[in-house]
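Analysis of the macromolecular model
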Amino acid sequence: MLFFVLFVMVYLFLIIFRRGIITVSLFFATFFTVCFHNSKYPEFGYLCAGLIMLQGIYYKYKENTPKEVLPEEDMVEPEFNLDVKTETVTGVIQDNEIKTTLTFDDYVGGGDIKRRLQMCVDLYRSYGDIPSHILLAGHGGMGKSYLAKVFASEMGVNFIEIAAENLKEKEDFYRIMSKVKDGTILFLEECHNIDKRIAETLLYSVMQDFYYIDDTDTRVNLPKFTIMGATTDRYKLEPSFKQRFWFNFDIQPYTHNEMARIIQYHSDSNIEVKNAEAIAQRSHSIPRVAIGHLKNIEMTAKATGKTVNVDMINREFEYMNIDHNGLDTFCVSTIKLLKSMGGKPVGINSLASSIGVSRNQFEGEIQPILLQHKLLAVTSRGRCLTKKGMEYII
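Residues numbered from 1 in each chain as written. Predicted model: local features only at pLDDT ≥ 70, side-chain atom pairs only at ≥ 80, totals over all residues. Heavy atoms only, no water.

Some remarks on the packing of helix 9 (residues 256–266) against helix 11 (residues 287–304)
The relative placement of two packed helices is expressed as an angle between their axes plus a distance between the axes. Put simply, the test is: Whenever a helix is involved, its axis is fitted only over the stretch in contact; in every case the axis is a line through C-alpha atoms, and angles between N-to-C directions fall within 0 to 180 degrees. Each helix is a run of H or I in the DSSP string that is no shorter than four residues. Each strand is a run of E no shorter than two, and both are numbered from the N terminus. An angle below 35 degrees is treated as roughly parallel, one above 145 as roughly antiparallel, one from 65 to 115 as roughly perpendicular, and anything else as oblique. Each helix crossing is assigned a hand: it is left-handed if the near helix lies turned anticlockwise from the far helix by less than a right angle, otherwise right-handed if that turn is clockwise. We call two residues contacting when some pair of their heavy atoms lies within 4.5 Å. Three classes are used, and their members are as follows: Ala, Val, Leu, Ile, Met, Phe, Trp, Tyr, Cys and Pro are nonpolar, Asp, Glu, Lys and Arg are charged, and the others, Gly among them, are polar.
Axis separation between helix 9 and helix 11 bottoms out at 10 Å; the angle between their running directions is 45°. Considering the angle they form, helix 9 stands oblique to helix 11. The handedness of the crossing between helix 9 and helix 11 is right-handed. Contacts between helix 9 and helix 11 pair M259, I262, I263 and H266 from the former with P287, A290, I291, L294 and K295 from the latter. Along the lines of polarity and charge, the residues of the contact of helix 9 with helix 11 split into seven nonpolar, one polar and one charged.

Considering the environment of I213
Short version of the rule: With a 1.4 Å probe rolled over the protein chains alone, any residue whose accessible area is under 20% of its type maximum counts as buried; one over 50% counts as exposed, and the rest are partly exposed.
Relative to the elements of secondary structure, I213 occurs in strand 4 (residues 211–213). Accessibility expressed as a relative area gives 34% for I213, which makes it partly exposed. Taking the C-alpha atoms as reference, I213 lies 8.5 Å from T201; in sequence the two are twelve residues apart. Every residue in contact with I213, bar those within four places of it in the chain, is listed here: Y174, L202, T218 and R219.

Overview of the packing of aromatic side chains
Worth spelling out the cut-off: Stacked, tilted and edge-to-face are the three classes assigned to paired rings of Phe, Tyr and Trp, where Trp is represented by its six-membered ring and a pair needs centres within 6.5 Å; plane angles under 30 degrees give stacked, over 60 edge-to-face, the rest tilted.
One pass over the structure, following the stated rule, counts seven aromatic pairs. Summarising the aromatic geometry, the rings of F173 and Y212 are spaced 5.6 Å apart at their centres and angled 85° between planes, so their arrangement reads as edge-to-face. One end of the pair, F173, is in helix 6 (residues 170–177); the other, Y212, is in strand 4, with 39 residues separating them in the sequence. Each member of the pair F173 and Y212 is classed as buried.

Focus on the nonpolar core
The cut-off we apply is this: Buried Ala, Val, Leu, Ile, Met, Phe, Trp, Tyr and Cys residues that are joined via side-chain atoms within 4.5 Å together make up what is termed a nonpolar core.
Counting 46 residues, the largest nonpolar core has L117, I134, F151, M228 and I263 as the members making the most contacts within it. With six residues, the top contributor of residues to this core is helix 5 (residues 144–155). When sequence neighbours within four positions are dropped, the list of residues in contact with L117 reads F104, I134, L147, F151 and F249. Y174, C191, Y212 and I227 belong to the second-largest nonpolar core, a separate cluster that totals 30 residues.

Side note on the environment of L351
Along the polypeptide, L351 turns up in helix 14 (residues 348–355). You can call L351 buried: its relative accessible area is 0%. A sequence separation of 31 residues divides L351 from G382, and the C-alpha atoms of the two residues are 8.9 Å apart. With sequence-adjacent residues up to four places away left out, L351 is seen in contact with T334, L337, L338, V346, F362 and R383.

Considering the pairing of strand 7 (residues 247–250)
Two faces make up the sheet, and in a regular strand the side chains alternate between them. Rules: The pairing criterion is simple: DSSP has to find at least two bridges between the two strands.
Residues F247 and F249 of strand 7 are buried on one face, while the alternating residues N248 and D250, pointing to the opposite face, are not. One ladder, built from four bridges, connects strand 1 (residues 134–137) with strand 7; its direction is parallel. Looking at strand 7, one finds that L136 is bridged to F249.

Comments concerning helix 10 (residues 273–280)
Three- or four-residue spacings in an α-helix give side chains the same orientation, since the helix completes a turn every 3.6 residues. Every buried residue of helix 10 is accounted for by N275, A276, A278, I279 and A280. At its buried positions, helix 10 is contacted by helix 9, helix 11 and helix 12 (310–319).

Some thoughts on the sheet that holds strand 2 (residues 159–163)
Ordered by their spatial adjacency, five strands build an open sheet running 2-3-6-1-7, and the pairing between neighbours is parallel. With partners counted over all chains shown, the strands left at the sheet margins are strand 2 and strand 7, one partner each. The mean inter-strand angle of the sheet, taken between neighbouring strand axes irrespective of direction, is 15°. Pairing of strand 2 with strand 3 (residues 185–189) involves five bridges; the strand directions are parallel. Paired with A163 across the two strands is E189, which belongs to strand 3.

Remarks on the side chain of T226
Here T226 shows up in strand 6 (residues 226–231). Residue classification places T226 among the buried residues on the basis of a relative accessible area of 0%. Among all residues touching T226, those that are not within four sequence positions of it are I130, P131, S132, H133, I134, T184, I185 and L186.

Considerations on unusual backbone geometry
We note that D217 has phi near 65°; this positive angle belongs to a residue other than glycine. Within the secondary structure layout, D217 lies in the loop between strand 4 and strand 5 (219–221). One non-glycine residue, N321, lies in positive phi territory at about 55°. Looking at the secondary structure, you find N321 in the loop between helix 12 and helix 13 (329–340).

Geometric values such as these leave the question of function open.
Laid out in structure tokens, this is it:
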């Protein structure tokens, strides 16, 4: 009967605690009980078993109890080498106050988004409410990081920018969290590339309750702050990650007039409207592309002593092998190849290989431009030209 009772006890304890210190305690408790059961002093075995089990339960409880966080002045900040994107040329990590005052007037377009963000700024200024986490989605070069900097400047708070792919180890994450202050805007670039292990074990608890458990099982509480995630494809985000962003904004394509205004804003030579429009026409509604073209043209004008005008701009684009709609050599090669197929679909791998690029480059850089100009169609059998694409004059 006694052995049956011991068996039931061991079985129940194993079901409840399953592993760790409790399992070890059960083993030794059973060992002492069996060894001393038929001896002259069986009570000694029972006493040892009881003490061992009490000790096991005590350590199990202690193991699951978070440790107290050391006062900030007693904590020694670890030193890690982390490649973080910077705003200043000489900086290693951008955690300073925004030096140049930016306002929403400096960000062209994004009317609805700016109105919502302005509401967040007003609530922070009036009541100290820290904005909830924000997700910005849009093609590369659409100004997501610039909008985040404008938002931080309007809030008047600390700004940190880092590429999500750089958060590969826990030490990287701890380093960034040590820089966070009350109200900080943490801009997480290409957030869909974050390591899943880091997101699930550390980032989710930070986004939800502003704390994480470090390697020593210490609960580290953080000040409230805002994560602004940027992604070129929101559908690559894990649902549990995406749901932690309360605000979700899509950066919409810029109009032709907005692109011209952006070019004029970034010009060093007070470029005229008609010249800005000539550059905007070849920029695919992407500010980064437009600004890159602008800087190349202004540099050439400065080096040669020429005046920036429409004729000069057209010649420069001819030298760069960029046509009147901004299509480069790869885009034109794609159109030529698909025209030679007589309108039949071509597999994406074969298409990318034929024009000398990788599939990722084709899908990320070439295909979006051709789709934007309605020259390309995506089918289950591959890529083919639209009617407009077949009629496109090269």
